[in-house]
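One-letter residues, chain by chain:
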Amino acid sequence: MLIVDDDARVRSAMRTFLVAHPEFEVVGEAGSTESAVRIAVETEPGVAIVDVLMPTERDGLSLLKVFAEQHGIPVVAMSLNNACADSAIAAGAYTFLAKDGYSDLLVSALLAARDVDAAQDG
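Given the structure is predicted, the values throughout are model-derived calculations rather than measurements.

Looking at this model, I keep getting lost on the overall build of the protein chain. Mind explaining?
On a plain count of helices and strands, the protein chain comes out with five helices and five strands. Starting at the N terminus and walking to the C terminus, you meet the elements of the protein chain as β-α-β-α-β-α-β-α-β-α. Out of the 122 residues belonging to the protein chain, those deemed buried represent 43%. When contacts within the protein chain are restricted to residue pairs at least 6 apart in sequence, long-range pairs at least 24 apart make up 62% of them. When the accessible surface of the protein chain is summed, it comes to about 6200 Å², and 50% of that surface belongs to carbon and sulfur atoms.

See below:
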């Protein structure tokens, strides 16, 4: 699992949330698209969580395309702005979740994205 968000507090909260679930291993955190790509190459995560609006919509959406097209990493896209959900899906995200209500849906979305990736590899 790779967590990508420009806010260190969000990354920390996400890591804390995920390590409480034994089915996930957080292999890295990134605060920028450049570091996210570098970490993805180094760690080959099975799934990434990406803030679509970091720091601009273009950065997050371009990262979704890079992960999907060049690295084959399924992405759960997130944002406080639900208006960018369709753009995130079009850019290659497996699914989109609103940041303000993710906790109930995040685990199932991540498991589903991971399972889709595993099925494609198998």
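Still to come is the rest of the account.
What's the story with helix α2 (residues 33–43) in this structure? I'm lost.
Spacing of three or four residues puts side chains on the same side of an α-helix, whose turn is 3.6 residues. Of all the residues in α2, the buried ones are Thr 33, Ser 35, Ala 36, Ile 39 and Ala 40. All buried residues of α2 project into a common sector of 155 degrees when viewed along the axis, lining one side. Exposed side chains of α2 directed beyond 90 degrees from the buried face belong to Glu 34 and Glu 42. Positive backbone phi, at 45 degrees, marks Glu 44, one or two positions downstream of α2.

I'm lost on the environment of Ala 77 in this one. Help?
Topologically, Ala 77 is positioned in strand β4 (residues 75–79). For Ala 77, a relative accessible area of 0% puts it in the buried group. In sequence terms Ala 77 and Ala 88 are 11 residues apart; their C-alpha atoms lie 6.6 Å from each other. Residues in contact with Ala 77, not counting those within four places in the same chain, are Val 50, Val 52, Leu 64, Ala 88, Ala 93, Thr 95, Phe 96 and Leu 97.

Looking at this structure, I do not really get the side chain of Lys 99. What am I missing?
For Lys 99, the location among the structural elements is in the loop between β5 (95–98) and α5 (103–121). For Lys 99, the side chain forms a polar contact with the side chain of Asp 51, separated by 3.2 Å. Excluding anything up to four places from it in sequence, Lys 99 contacts Asp 5, Val 10, Asp 51, Met 78, Ser 79 and Leu 80.

In this structure, what is going on with the nonpolar core? I would like to understand it.
It is characteristic of soluble globular proteins that their nonpolar side chains tend to be buried jointly. Of all hydrophobic cores here, the largest spans 23 residues; its most connected members are Val 4, Val 50, Val 52, Leu 64, Phe 67 and Ala 88. Elements that contribute at least two residues to this core include exactly β1 (2–4), α2, β3 (48–51), α3 (57–71), β4 and α4 (85–90). Ranked by residue count, the leading element in this core is α3, at four residues. Non-local contacts of Phe 67, meaning those with residues more than four positions away in its chain, are made with Leu 2, Val 4, Ala 36, Val 37, Ala 40, Ala 48, Val 50, Gly 72, Ile 73 and Val 75. Met 1, Ile 3, Val 107 and Ala 109 belong to the second largest nonpolar core, which has 16 residues in total.

Rules used throughout
- Residues numbered from 1 in each chain as written.
- Predicted model: local features only at pLDDT ≥ 70, side-chain atom pairs only at ≥ 80, totals over all residues.
- Heavy atoms only, no water.
- Helix = DSSP H or I, 4+ residues; strand = E, 2+ residues; numbered from the N terminus.
- Buried < 20%, exposed > 50% of the residue type's maximum accessible area, 1.4 Å probe, protein only.
- Contact = heavy atoms within 4.5 Å.
- Areas by Shrake-Rupley, 256 points an atom, 1.4 Å probe, with all protein chains shown as cover.
- Arc of directions from axis to C-beta.
- Polar contact = N/O pair within 3.5 Å; in protein donor to acceptor, adjacent residues only side chain to side chain.
- Core = buried A, V, L, I, M, F, W, Y, C linked by side-chain atoms within 4.5 Å.

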